[in-house]
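Chain residues, written in single-letter form:
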2 protein chains.
Amino acid sequence: MSGGSEPPRRGPAANAELALLLEVAGTPKPGNVDRHRDLVDLRFEQFLAGAVGARPGLERAAAGAPVGEAFETAVAGMSEQSGGNTQFGCLLLLVPLVRAVAAGDLSPSGVRDVCEATTVADAAGFYRAFEHVDVAVADPPEGMDALDVRRGADAVPALRERETTLFDVLSASAEPVDDAGTPGDANAREWVEGFRRTFRAAEAIVADDGPLVDRAARAFLDLLAEADDTLVRTQHGAEAAAEVRERAAEVESLADAEAWAAELVDRGVNPGTTADLTAAALFVALERGVTV
Amino acid sequence: MSGGSEPPRRGPAANAELALLLEVAGTPKPGNVDRHRDLVDLRFEQFLAGAVGARPGLERAAAGAPVGEAFETAVAGMSEQSGGNTQFGCLLLLVPLVRAVAAGDLSPSGVRDVCEATTVADAAGFYRAFEHVDVAVADPPEGMDALDVRRGADAVPALRERETTLFDVLSASAEPVDDAGTPGDANAREWVEGFRRTFRAAEAIVADDGPLVDRAARAFLDLLAEADDTLVRTQHGAEAAAEVRERAAEVESLADAEAWAAELVDRGVNPGTTADLTAAALFVALERGVTV
C-alpha cells in the first residue's frame, strides 16, 4: 500500500449496510426502533447485528450475483441475532438497488431493468429467504395460495411449474388488494414502479440540511404522510394505517414527533414498511455523495 | 444455495465490526459518544460509518494479511466520514485479536504470539495509518523523536534503519512515562501483556446478564475504575485521569452514571482509551458465543 493515498470510496455494499444503520439510528421514527427507543421484543442492537450480518449478501449483489441468491444470503446473515426479522423489507429494496449500481445505472430505469430481469431462480431464492426468519405478511392474492410466501421453499416447485419470476411475484403483491383500489404492498410497488418513492425521498435527503440521521427521520415522516404503511395495515387494519398517515401529515418538526413516537411504541403500531423505504432512500443518497 | 440451511456463523471480521457498533451503542459511557449522547464535534453516525468503513481491513486480518497492512486498511476505511478519528485505538486492539482467531488461538498467549511476530513492515503500516486521520497522542518516549507517530510515513526510513517492529514500537509506548512508574499507553500495554484487561473484561461480559449493550456499559465503567484512561491523561493531565478513575469506582449502577455522563461530556473529558478496551472485550465475548 502506498502511504498517505486516498482511501477508496465506500463501495455499494458498504453504503447499503451503512444505510441500514443510519435508518435505525434516525430518531424520532414513530412506532419504530430508533436511537432512543426499543420495542418490547426487538432491540436496537439486534438491528446493528442484522446490518452487519447482511453485508456478505450485499457484497454478492455488488459483485453481480443474481438478486435471489444475494437476497437469501443477506437475509440469512441478517437473521443471526435473537430478535427475529429486523431488515427483511429493507433488503428487498437494497439488493436490486445495489445491483443497479453494479450495472452502472442507479436510476429508476436502471433498477427497474434489474427487477424485470429477475428469473424463476431469483423467485426461489426469495421464497427460501422466508425459511430464515418469520416475516409479517398479508394473505396472498387470489389464486396465489400455492405461492404463499409463508410456504418458503415448499413453494419452489409451483414457481418452476408456473415459470414465475421474482418480478412476477412482486408484481402480484403490488396489485390493489381490493375492488376499492387500496394499493398493494408498498415495497413491491417500488419494484414495479422503478423505486419512485425511494428516489424522491433520496432527493429530499440530499437537499436537506443537518446531520444525516435527522434527515433520515424527516424523510421517514414525509414518507409516512404520503401513503398508508403496509405493515401497519397488515397488523392493525386499514383504519389504523389511515390514522397513522393522517397524523404524520400533521407533524411539523422532529420535536413535534417525539410524543407521538412514544405513543405508537406503546400501542404496538409499527410502520416498518416506511422504515424500509427510508433505508433505501438513505442508500441512494449515500451513493449520490451525501456525507456522514 | 440449499433451502433452509443454517446460515454460517458471523466470521471474526463481522464480529469485530459488530463490537465497534455495540461499543458506541452502550450507554451511559461517561464522556464518550454513546446511544444517547454526541460530542460537540463527533456524532454517533460517524462511529457507524467508521465501523462500516473498517470492515475491509478487518476482513484482511481475518484472511491472514499482515497486521500492519490490515490495520492501515481498516483505519483508511474508518476515516471515510467527516468526524475524524472515531475508532483508531479500537482497531489497534481488534486487528491482532482477529488475526489470533484466524490463527486458531484467541487467548492471551495466542494474541501475544501475533503481536510478537510483527515486523518492520507492520510498523510501517502502523505509521502510515496516522496519515489518514489525526490521532491524539502523547509525546514520544525519550530518544524516540525520529519515531514520533505524528511523523507518519516520514518515520518509515528510521524504522527500517533501526529494524523496529510494530511490537517494538508498542513496547516502547507501554513503558512507564515517568520515574514514578506512571503506566504507559493502555492499548500498548494490552499488546505487551497479552490483552490481560481485554480478556478479563470479556469474561465479565459473558458472565453478565441482560442486553449486550448494557453489559458493554457496565464493562466500560469497570475498566474505567480499574486504571487511569490514557486519552484523558494525554488531554487533561494525570490529576484529571485519577479523578475520573476514582469517580468511576463510586458508580453503583448504570442509572447512577447518567448524570456523570452528561457532566463529562460538558467538560470535554473523553475516556476514549477505555472505550477501545471495551470494544476489544466485546469482540472476545462475541467470539465466545455471547448472543445479540
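Residues numbered from 1 in each chain as written. Chains lettered and ligands numbered in written order. Predicted model: local features only at pLDDT ≥ 70, side-chain atom pairs only at ≥ 80, totals over all residues. Heavy atoms only, no water.

Looking at an unreviewed UniProt entry, chain A carries the name Triphosphoribosyl-dephospho-CoA synthase, with the source organism given as Halobaculum marinum.

Glancing now at the overall build of chain A. Counting its regular elements, chain A contains 15 helices and zero strands. Whereas a compact globule of 292 residues would reach a radius of gyration of roughly 19 Å, chain A reaches 18 Å, a difference of no more than 12%. Taken over 292 residues, chain A has a buried fraction of 60%. Taking all contacts inside chain A whose residues are at least 6 apart in sequence as the whole, residues at least 24 apart take part in 69%. Of the roughly 11,000 Å² of accessible surface on chain A, 46% is carried by carbon and sulfur atoms. (Helix = DSSP H or I, 4+ residues; strand = E, 2+ residues; numbered from the N terminus. Rg over C-alpha atoms; globule rule 2.2 N^0.38 Å. Buried < 20%, exposed > 50% of the residue type's maximum accessible area, 1.4 Å probe, protein only. Contact = heavy atoms within 4.5 Å. Areas by Shrake-Rupley, 256 points an atom, 1.4 Å probe, with all protein chains shown as cover.)

Attention shifts here to the interface of chain B and chain A. In this assembly, 44 residues from chain B lie in contact with 44 residues from chain A. Of the roughly 3,500 Å² buried at the junction of chain B and chain A (both faces included), carbon and sulfur atoms supply 61%. At the junction of chain B with chain A, the criterion picks out two salt bridges. The salt bridge partner of A:Arg35 is B:Asp38, with a shortest N-O separation of 3.0 Å. For the pair chain B and chain A, the number of links is 13 residue pairs in polar contact (both at pLDDT 80 or more). Among the elements of the structure, α1 (12-25), α2 (44-62), α3 (67-78) and α11 (212-226) of chain B are those that each provide at least two residues to the side of chain B that touches chain A. Residue composition of the side of chain B that touches chain A, by class: 18 nonpolar, ten polar and 16 charged. (Buried area = accessible area lost by both parts, 1.4 Å probe. Salt bridge = Lys/Arg side-chain N within 4 Å of Asp/Glu carboxyl O. Polar contact = N/O pair within 3.5 Å; in protein donor to acceptor, adjacent residues only side chain to side chain. Nonpolar A, V, L, I, M, F, W, Y, C, P; charged D, E, K, R; others polar.)

All names here are of chain A. In total, this model carries 40 salt bridges over all chains according to the counting rule given. With a shortest N-O distance of 2.8 Å, Glu263 and Arg267 are connected by a salt bridge. Of this pair, Glu263 and Arg267 both sit in helix α14 (residues 254-267), separated by four residues, roughly a single helical turn. Arg267 gets classed as partly exposed once you look at its relative accessible area, which sits at 38%. Through salt bridges with shared partners, one network takes in Glu17, Arg55 and Glu59.

Moving on, we come to the relation of the copies chain B and chain A. Placing chain B over chain A gives an RMSD of 0.0 Å and needs a rotation angle of 180°, together with 0.0 Å of translation along the axis. Taken together, the rotation and translation describe the operation of a two-fold axis. For chain B, the residue whose C-alpha comes nearest the rotation axis is B:Arg35, separated from it by 3.1 Å. Take the interface residues of chain B: 100% of them recur as interface residues in chain A, which is what a same-surface contact looks like. (Least-squares fit on C-alpha atoms with pLDDT ≥ 70 in both.)

Residue placement: B:Leu21 occurs in helix α1. Remark: the alpha-carbon pair of B:Leu21 and B:Glu175, spanning 154 residues in sequence, is separated by 31 Å. Sequence-distant contacts of B:Leu21, that is, excluding residues within four places in its chain, are made with A:Leu21, A:Leu48, A:Val52, B:Leu48 and B:Ala51.

When the terminal C-alpha atoms of helix α11 (residues 212-226) of chain A are compared, their 21 Å separation across 15 residues agrees well with the 21 Å that a helix rising 1.5 Å per residue should span. A:Leu212, A:Val213, A:Arg215, A:Ala216, A:Ala217, A:Ala219, A:Phe220, A:Leu221, A:Leu223 and A:Leu224 are the residues of α11(A) that are buried. Looking at the packing, one finds that the buried side of α11(A) touches α1 (12-25), α10 (196-207), α13 (238-250), α14 and α15 (272-287) of chain A together with α2 of chain B. (Expected span 1.5 Å × (residues − 1).)

Our focus in this paragraph is unusual backbone geometry. Residue and element names in this part refer to chain A. The step from Thr27 to Pro28 runs through a cis peptide bond, and the omega angle for that step is -5°. Residue position: Pro28 is located in the loop between α1 and α2 (44-62). For Glu163, which is not glycine, the phi torsion reads 55° and is therefore positive. Tracing the chain through its elements places Glu163 in the loop between α7 (156-162) and α8 (166-174). Glu163 gets classed as exposed once you look at its relative accessible area, which sits at 60%.

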